[in-house]
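# Inside the fold
If you want the building blocks of each chain, they are given just below.
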Amino acid sequence: MSPEPFLGQSDPAPVRHHILSVLVENKAGVLARIAGLFARRGFNIYSLAVAPAEGNARFSRVTIVVDAQSAPLEQIVAQLDKLVNVVEITDLAPQDAVERELLLATLPVDSATRADVLEVAAHTGASIVDVNATSVTVMLAGTPGACDRLERALEVFSDVALQRTGRVALPRLGQTANA
Amino acid sequence: MQLTGAQALIKSLEREGVDTIFGLPGGAILPVYDPILDSSIRHILVRHEQGAGHMAEGYALATGKPGVAMVTSGPGATNIVTPIGNAHMDSTPLVVITGQVATAAIGSDAFQECDITGITMGITKHNFLIQSAHEIPRVVASAFYLATTGRPGPVLIDLPKDISQSTMEWWYPETIEELDLPGYQPEIPLDNDALALAVELISRSERPVLYVGGGTLKSRASAELLVFAERTKMPVVTTLMARGAFPDSHEQHLGMPGMHGMYSAVTALQKSDLLISLGARFDDRVTGQLSSFAADAKIIHVDIDRAEFNKVRRADVAMQTNVAIALRALDEARATPQNLDVWWKEIRTWQERYPLVYDEPSTDGPLRPQHVIEAIARAASPGTIVAAGVGQHQMWASQYWQFEEPGTWVNSGGAGTMGFGVPAAIGAKVGRPDRTVWCIDGDGCFQMTAQELVTARSEGIPIKVAILNNAYLGMVRQWQEMFYEERYSEVYLSADLPDYVKWAEAMGCVGLRAHTLEEMHAVIAQANQINDVPVVIDFRTDSSEKVFPMVASGASNDDIMVHPLLRGGAQ
């Protein structure tokens, strides 16, 4: 995997990432098979999200954002497709996909900074999901770009604990995906 | 019918038509060894688990059927990792069963526990950790289906001890659907557009070459290849993995391409305008420097595995199918190149100018390794199977043995596994007891796995082993001589230590030795008379002998070095 997480400055000049929406059998070790394949073939993963697919206990959907410059996308897809537990791969070019990501951040606050945090949250569309006397946790579910903007806005605060999920994606309606 | 998991496993193997298991028992696999006593399946008790794996590979390569090996957990399992990796590189169908500690102990660092499914994830086509006795039949049937269809390969089944001891109601899947493999579709319909494009490229070609790889043997496409090649008059090269796919005696056959390939085969690929790759994968040992490999050639790439397309070399036409189907379709479409007379004239010039040569052997020795191989080949019965280890002797065996049919060449290609020869020869002989099996081995390789000759003797598997004993790790020595200014680092082994004759005798084999030409002919004749026990011959060969032709690692195939006897004049 890439040593650097994708903090994707919202408009990287040439688009070099691709989103693979991979339907897999929900079996032990499937994620290790995928991660192992990427590692041994030298393919880079920017982000990865896994969850049961379509309410079906038999399958999971893995959304992988891949660096299509670390290897040709065709080769990544072909190798992935050889994994016996991989059922279907949908390759989503960023312009053809609806992408969302979730960001959680907990910030230490005092009477002086509490208002600033609330203001940043209000401006970026983040919501306050937890709060106590000394901290605030904000959440944003949005496009990767929106998450990037919130992350940058939070940089002015110190001791921020921040976690992003990696993106999930589905084909944009009215577009055809390349299976 | 209630069976234990162990009984269900053996019964499942019987259902898959398994006649031989190569293995070695231990704690975690112990329950499975009990029903073997009541089974029709022959179990061959090896002396090291690596031997079991290579025997299963040799069996598979000689018969075309999947090889089966069974070992215990922990070190038993890790000892068979090398053969699994080897089979993965060479797409050899293998089913490997490993014992595992009881389900409740998994993850606790129990005695002889190891995560063998994790370890082999990258070197198996697929692997299974069995979760219940009920699923044993489905997993075994799936393992054989996966190992033998599509691009073949090794499949591992890890069986926890408590599951082999628990009971299940016997059943067996009758259809592919029951295997429940929703992500696996080995049959891909032929793409007619690709076929039409291939026919067109062929029709325009003036300098085509059929670049035949191991996939041609795996698809059992030799008959189709012969028909297509003879009708189109195209020259044929067979890679190290494809030796035997096309008769060496055929006038259209240029031999093996690659680092130690025939000058004509290497050069024909370089100068061609169309490569028809049949189950080959543009390995670096074939292409040499990639940027200058067959620079003017269009590529028709036939492979069952689409991940091979454009992995190394961009294909102009990719046909994802098995080689037999592709060749039949191309033939039915009457794909025909231009007149090839000029091309053949050029090829014949290379063949005449740069044949395989070696220095005249002296009567008193040391022997020339190439000459030894030729002498064994001349005295061998037709259809003899040849296994090899890895190194100089392997290249000479591939160069100097005449392979006429599939399944007669058993070697380690992609992985280059030293020590492959002896156990692989044993496995081949088990699979084809009607055939003579020679192992052409090096002294370095022999020392890695020779103990399996004890297995061969005790199980009555009479193979013949020719050690080309040059007292060195010869291929490394060759590189040090040529590329490291003759600074020989850690390559000397001694011709006399061990004493190969005594060692052979200690293992219950006949041990013979030859220093001179006269002795060489005598021991070969003697070995051919012995058909009840294994024979080992220590041939004392010249240490300075090198494999030619040679394309240096990373060099262009245009810079192929021929044997010194052929140098001078145009080169």
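Residues numbered from 1 in each chain as written. Chains lettered and ligands numbered in written order. Predicted model: local features only at pLDDT ≥ 70, side-chain atom pairs only at ≥ 80, totals over all residues.

## Observations regarding the overall build of chain A
- Along chain A, the regular secondary structure elements total four helices and nine strands.
- In sequence order, chain A lays out its α and β elements as β-α-β-β-α-β-β-α-β-β-α-β-β.
- The burial tally for chain A puts 32% of its 179 residues in the buried class.
- In chain A, the proportion of contacts linking residues at least 24 apart, taken out of those at least 6 apart, comes to 75%. (Helix = DSSP H or I, 4+ residues; strand = E, 2+ residues; numbered from the N terminus. Buried ≥ 20, exposed ≤ 12 C-beta atoms within 10 Å, placed from the backbone. Contact = placed C-beta atoms within 7 Å.)

## A short note on the domain arrangement of chain B
All names here are of chain B.
- Partitioning chain B into structural domains gives domain 1 (2-179), domain 2 (192-353) and domain 3 (369-540).
- Here the C-alpha centroids of domain 1 and domain 2 sit 37 Å apart.
- In this assembly, six residues from domain 1 lie in contact with six residues from domain 2. (Domains from an automatic or database assignment.)

## What to know about the sheet that holds strand β4 (residues 86-92) of chain A
All names here are of chain A.
- Ordered in space as β2-β3-β1-β4, the four strands form an open sheet in which the pairing is antiparallel. Each end of this open sheet is capped by a strand with a single partner; those strands are β2 (45-53) and β4. Ignoring which end each strand starts from, the neighbouring axes of this sheet average 15° apart.
- Both β2 and strand β3 (residues 56-67) contribute to a ladder of eight bridges, which runs antiparallel. If you follow proline 52 over to β3, its bridge partner there is serine 60.
- Here helix α2 (residues 73-81) sits on the sheet and contacts β1 (17-25), β3 and β4; the angle it forms with β4, its principal contact strand, is near 160°. (Pairing = 2+ DSSP bridges. Axes fitted to C-alpha atoms, helices over the stretch in contact; angles between N-to-C directions.)

## Focus on the nonpolar core
- Counting residues in each nonpolar core, the largest one holds 204 residues, and the members touching the most others are Val212, Ala466 and Ile537 of chain B.
- The greatest single-element share of this core, amounting to eight residues, is contributed by helix α7 (residues 136-148) of chain B.
- For alanine 466 of chain B, the residues in contact, after removing those within four places along its chain, are Val372, Ile376, Trp438, Cys439, Ile440, Asp441, Ile537 and Phe539 of chain B.
- The next biggest cluster of nonpolar side chains, apart from the first, holds 11 residues, and it includes Leu103, Leu107, Val117 and Ala121 of chain A. (Core = buried A, V, L, I, M, F, W, Y, C linked by C-beta atoms within 7 Å.)

## Remarks on the domain arrangement of chain A
All names here are of chain A.
- Each assigned domain of chain A is listed here: domain 1 (17-92) and domain 2 (98-169).
- Taking only C-alpha atoms into account, the centre of domain 1 sits 29 Å from that of domain 2.
- Counting from both sides, the interface comprises eight residues of domain 1 and, opposite them, six residues of domain 2.
- Put simply, the parts of the chain that give the side of domain 1 that touches domain 2 at least two residues each are β1, β2 and β3.

## Let's talk about the interface of chain A and chain B
- Counting from both sides, the interface comprises 17 residues of chain A and, opposite them, 15 residues of chain B.
- Of all the secondary structure elements, the ones that give two or more residues to the side of chain A that touches chain B are α1 (30-41), α2 and β4 of chain A.
- Within the side of chain A that touches chain B, the residues separate by chemical class into seven nonpolar, five polar and five charged. (Nonpolar A, V, L, I, M, F, W, Y, C, P; charged D, E, K, R; others polar.)

## Some words on the pairing of strand β5 (residues 94-100) of chain B
Residue and element names in this part refer to chain B.
- Counting buried positions along β5 yields seven of seven residues, so the element is predominantly enclosed.
- Residues Leu94, Val96, Thr98 and Gln100 of β5 are buried on one face, and the alternating residues Val95, Ile97 and Gly99, pointing to the opposite face, are buried as well.
- Two strands pair when backbone bridges link them, and strand β4 (residues 67-71) and β5 are joined in this way by five bridges, in the parallel orientation. By the bridge assignment, valine 68 is partnered in β5 with valine 95.
- In this sheet, strand β7 (residues 154-160) lies alongside β5 in parallel orientation, the contact comprising seven bridges. From the neighbouring strand, isoleucine 97 faces β7, where its bridge partner is isoleucine 157.

## Thoughts on α1 of chain A
Residue and element names in this part refer to chain A.
- A rise of 1.5 Å per residue sets the reference length of α1, with its 12 residues, at 16 Å; its end C-alpha atoms lie 17 Å apart and thus fit the reference within 8%.
- Among the residues of α1, Val30, Arg33, Ile34 and Phe38 are the ones counted as buried. Buried residues in α1, looked at end-on, bunch into an arc of 130°, giving them a common side.
- The elements touched by buried residues of α1 are β1, β2 and β3.
- Two residues or fewer after α1 comes glycine 42, characterised by a positive phi angle close to 75°. (Expected span 1.5 Å × (residues − 1). Arc of directions from axis to C-beta.)

## A word on the pairing of strand β17 (residues 437-442) of chain B
Residue and element names in this part refer to chain B.
- Judged by how many residues are buried, β17 sits mostly within the fold: six of six residues are covered.
- Neither face of β17 is open: one carries Val437, Cys439 and Asp441, the other Trp438, Ile440 and Gly442, and all of them are buried.
- Where strand β15 (residues 385-388) lies against β17, four bridges are found, and the strand directions are parallel. Residue pairing across strands places alanine 388 opposite isoleucine 440, the latter belonging to β17.

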